[in-house]
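Tertiary structure, described
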Amino acid sequence: MISWQTPVFFVLGMFAAGVIFGNLSYAGVRGLTRALVSAKIVTAPTRRAQIGLTVAGYLIFAAQVALIYVLAKWTIRVMFGLDGPF
C-alpha cells in the first residue's frame with residue numbers, strides 16, 4: 001500500500017525543488033556575474049571571461065546537485081522515520 005508521503009515527496013517535492021533550486025541557481029549565476037563586473041574582474045565580453053563564467057556556472061551546478069542530494073536524503077529520513085546508514 002502506498003502511503004500519503006510517496007505522492008507528496010515525488011510529485012509536489014519535484015515541482016517545489018525545481019522552483020526553489022532553479023531560482024537559487026539563477027540568482028547565484030546573476031549575482032556572480034554582477035559581482036565580477038562591479039569588482040572590475042571582468043571588464044569586457046572576452047573569450048577568457050566567457051570561459052571563466054562557464055566554469056563558475058558548472059561549479060554552481062555541481063554544488064546544486066550535491067545540495068539536492070543531501071536535502072532529498074534528509075527528507076526521506078524524516079518522512080519515513082529512517083535511522084542509520086542510508
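That block above? That's the structure.
The structure reproduced in this document is the subject of the present report. Small disclaimer: the values here were computed from a predicted structure and weren't measured. (Residues numbered from 1 in each chain as written. Predicted model: local features only at pLDDT ≥ 70, side-chain atom pairs only at ≥ 80, totals over all residues. Heavy atoms only, no water.)

1. Some thoughts on the overall build of the chain
Scanning the chain from N- to C-terminus turns up two helices and zero strands. In terms of overall size, the chain is more extended than a compact globule, its C-alpha atoms giving a radius of gyration of 18 Å where 86 residues would be expected to give roughly 12 Å. Summarising its shape, the C-alpha atoms of the chain cover approximately 60 × 25 × 20 Å along the three principal directions. Burial analysis of the chain (86 residues in total) assigns 9% to the buried set. Partitioning the intrachain contacts of the chain with sequence separation of at least 6 by distance along the chain shows that 67% fall at a separation of at least 24. (Helix = DSSP H or I, 4+ residues; strand = E, 2+ residues; numbered from the N terminus. Rg over C-alpha atoms; globule rule 2.2 N^0.38 Å. Buried < 20%, exposed > 50% of the residue type's maximum accessible area, 1.4 Å probe, protein only. Contact = heavy atoms within 4.5 Å.)

2. Some words on the layout of surface pockets
Left-over empty space is what a probe sized like a water molecule reveals as it rolls over the atoms. When its volume is computed, the largest pocket comes out at roughly 290 Å³. Elements supplying a minimum of two residues to the lining of the largest pocket: α1 (5-38) and α2 (47-80). Of the residues forming the lining of the largest pocket, the biggest block, nine residues, is contributed by α1. Per-class residue counts for the lining of the largest pocket are 12 nonpolar, two polar and no charged. (1 Å grid on protein atoms, 1.4 Å probe; cavity = no way out; pocket = protein on both sides within 12 Å on 5 of 7 lines; lining within 4 Å. Points joined across faces, edges and corners; volume = space filled by probe spheres on them. Nonpolar A, V, L, I, M, F, W, Y, C, P; charged D, E, K, R; others polar.)

3. Regarding α1
With 34 residues, α1 extends 46 Å from end C-alpha to end C-alpha; this agrees with the ideal 50 Å at 1.5 Å per step. The largest bend along α1 measures about 40° and falls at Gly13. Inspection of α1 places Gln5, Phe9, Phe21 and Leu36 among the buried residues, and these make up the whole buried set. For α1, the secondary structure elements touched by its buried residues are α2. Positive backbone phi, at 65°, marks Lys40, one or two positions downstream of α1. (Expected span 1.5 Å × (residues − 1). Bend = angle between axes of the 7 residues up to and from the residue.)

4. Looking at unusual backbone geometry
Positive phi is not limited to glycine here, since Lys40 has a value of about 65°. Along the chain, the position of Lys40 falls in the loop between α1 and α2. Look at Lys40 and you get exposed, because its relative accessible area is 63%.

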